[in-house]
Every structure is written in structure tokens, then in C-alpha cells.
Amino acid sequence: MRILFLGLAFGASLLSTNVHAMPRGPEADVLAMINAERVRAGCQPLRVEARLSEAAERQSHGMAEHHYFNHNAPDGSTPGKRVKDTGYVYQMVGENIEINSDDPEAVVTTWMNSPGHRQNILMCAFKETGIAMAWPEGEGRAYWTQVFAMPLNLGK
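Note that residues are indexed from 1 along each chain, following the sequence as it is written. A pLDDT threshold of at least 70 governs which residues receive local features in this predicted model, and a stricter bar of 80 or more applies before side-chain atom pairs are shown or counted, although totals over entire chains, interfaces and linings include all residues. In computing side-chain properties, one takes all heavy atoms of the structure into account and sets aside hydrogens as well as water.

Novice: Teacher, can you tell me more about the overall build of the protein here?
Specialist: Strands are runs of DSSP state E lasting at least two residues, helices are runs of H or I lasting at least four, and both sets are numbered from the N terminus onward. On a plain count of helices and strands, the protein comes out with 5 helices and 4 strands. Counting from the amino terminus, the protein carries its helices and strands in the arrangement α-β-α-α-β-α-α-β-β. Working rule for contacts: check all heavy atoms of both residues, and any pair within 4.5 Å makes them a contact. A separation of at least 24 residues holds for 73% of the contacts in the protein among residues at least 6 apart in sequence. Here the open area of atoms and residues is found with the Shrake-Rupley method and a 1.4 Å probe, where only the protein chains shown may cover a residue. Split by element, the accessible area of the protein, about 7,500 Å² in all, is 52% carbon and sulfur.

Novice: Help me out: how do you make sense of the state of the cysteines in this one?
Specialist: Simply put, the disulfide is a covalent bond whose two ends are the sulfur atoms of two cysteines. Note on terminology: pairs of cysteine sulfur atoms within 2.5 Å are recorded as disulfides. One pass over the structure, following the stated rule, counts 1 disulfide. There is a disulfide in this structure between cysteine 43 and cysteine 124, and the S-S distance comes to 2.0 Å. The sign of the -75° torsion about the S-S bond sets the cysteine 43-cysteine 124 disulfide as left-handed. Here cysteine 43, found in the loop between helix 1 (26-40) and strand 1 (47-48), pairs with cysteine 124, found in the loop between helix 5 (115-121) and strand 3 (128-134); they are 81 residues apart in sequence, far enough to count as distant.

Novice: Explain unusual backbone geometry here, please?
Specialist: Most of the time, phi is negative for any residue but glycine, and the peptide bond is trans. Even without a glycine there, the phi angle at histidine 67 is positive, about 55°. Within the secondary structure, histidine 67 sits in the loop between helix 2 (50-66) and helix 3 (79-85). Despite not being glycine, asparagine 100 shows a phi value in the positive range, around 100°. Relative to the helices and strands, asparagine 100 resides in the loop between strand 2 (90-99) and helix 4 (104-112). For every residue, the accessible area obtained with a 1.4 Å probe (protein chains only) is divided by the maximum for its type, and the residue is called buried under 20%, exposed over 50%, and partly exposed between those limits. Accessibility expressed as a relative area gives 49% for asparagine 100, which makes it partly exposed.

Novice: How do you make sense of helix 1 when you look at a structure like this?
Specialist: Every α-helix carries 3.6 residues per turn, so stepping three or four residues along brings you back to the same face. The span expected for a helix works out to 1.5 Å for each residue beyond the first. With 15 residues, helix 1 should reach 21 Å at 1.5 Å per residue; the first-to-last C-alpha distance of 21 Å fits that figure. What helix 1 keeps buried is the set Glu27, Val30, Leu31, Ile34, Asn35 and Arg38. Buried residues of helix 1 fall within an arc of 130° about the axis and therefore sit on the same side. Where helix 1 is buried, its residues meet strand 1, helix 4, helix 5, strand 3 and strand 4 (143-151). Directly after helix 1, the chain includes glycine 42, whose backbone phi takes a positive value near 90°. What the arc measures is the spread of directions leading from the helix axis to the C-beta atoms.

Novice: Can you help me understand the confidence of the model for the protein in this one?
Specialist: For any part of a model where pLDDT is low, the fine detail of the predicted coordinates should not be relied upon. Per-residue confidence from the prediction method is given by pLDDT, with values spanning 0 to 100. Per-residue confidence for the protein averages 85 on the pLDDT scale, and 83% of its residues sit at or above 70. Here residues 1-20 is modelled with pLDDT under 50, and outside its nearest four sequence neighbours on either side it reaches 61 contacts, counting other chains as well.

Novice: Whenever I open this one, the sheet that holds strand 1 confuses me. Can you help?
Specialist: Pairing between sheet strands relies on hydrogen bonds along the backbone, with the strands arranged either parallel or antiparallel. Spatial strand order, 1-3-4-2: 4 strands in an open sheet with mixed pairing. Each edge of the open sheet is held by one strand with a lone partner, namely strand 1 and strand 2. Angular values range over 0 to 180 degrees, each being the angle between N-to-C directions of two axes fitted as lines to C-alpha atoms, with helices fitted over their stretch in contact. Docked against the sheet, helix 1 engages strand 1, strand 3 and strand 4, running at close to 140° with respect to strand 3. Between any two strands, pairing holds if DSSP finds at least two bridges.

Novice: How should I be thinking about the environment of threonine 78 in this particular structure?
Specialist: Summarising the element assignment, threonine 78 is placed in the loop between helix 2 and helix 3. Given a relative accessible area of 26%, threonine 78 falls into the partly exposed group. Placed 19 residues apart in sequence, threonine 78 and glutamine 59 show a C-alpha to C-alpha distance of 9.2 Å. For threonine 78, the contacting residues outside a window of four places in its chain are His71 and Asn72.

Structure below.
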């Protein structure tokens, strides 16, 4: 097991399938900005994968509902476990989280100014992503999660 930073989990299992679900609204704006940063750095744009979006949504909604801000949830789940629980099989996975802004540009700026988050964004080995934002009723802040992954590829 190799740890890069910020609670990233690495592992491998079986083959993942690509099921794409394009985000809309602010999540789509974040994806466009993240992919622009990746292209500037010489990486390929990330593809959206539905199961990674599901893992991101679980984390964002969990943080919003239970009022925490951490890669490790109170239920003990980690970024890698949340991804595995969707059935996605990966070689490497990472997660960025953010709180307090509903402005996609502010979210991306914050991540790009944080060495660990920036490393996730600009890691060319990551090929797929999922992004989710949760805005709890009555709160003036949004909870963001972006999951990054390199799917396990058995040569198929």
C-alpha cells in the first residue's frame, strides 16, 4: 500500500467498466476547469465515471448531513472504501474535498493552491473522476468532493 497524501488509498482488485455520467451545473464547471488545468500541465482530461460520481456524492452528502470535514467519515469509510463499495476497481484512487464555497472557480483555486489537492488534479496517471456538491438546507456553505482514479486495466 502506498500513501501519497491527504488520506489517499491505493489498491487493486478486478476490472472496472466505464459508465459515464456527465455532471451538470457547478460540478460541470469544476470539471471543465480541472480538465483545463490538466491539459495545461500535459495530462489528458479526466473522464467522468458514474461509480466515482456515486462515491463523491456519498462523501459530500455524508459531510453535509453529519457536519464533518475529513477524508475519513465517522462511519469509518475512507476514499478507497467508498469507491470499492460502488463496485469500481482501481489501481490508484485519490480524493479532494472542499467546504464553504458554492463558486466553482473558488473551489478550483483553493485546490490548485493546496499542494496535495494540486497533486491529485495534475497526476496524469488518474484517468477518471466523479464530482459532487452538497448544499445542506439552512447552511451557507457547500461540501465538495472530487474522486480521482486510475482503473485497473487487465489489458482489455
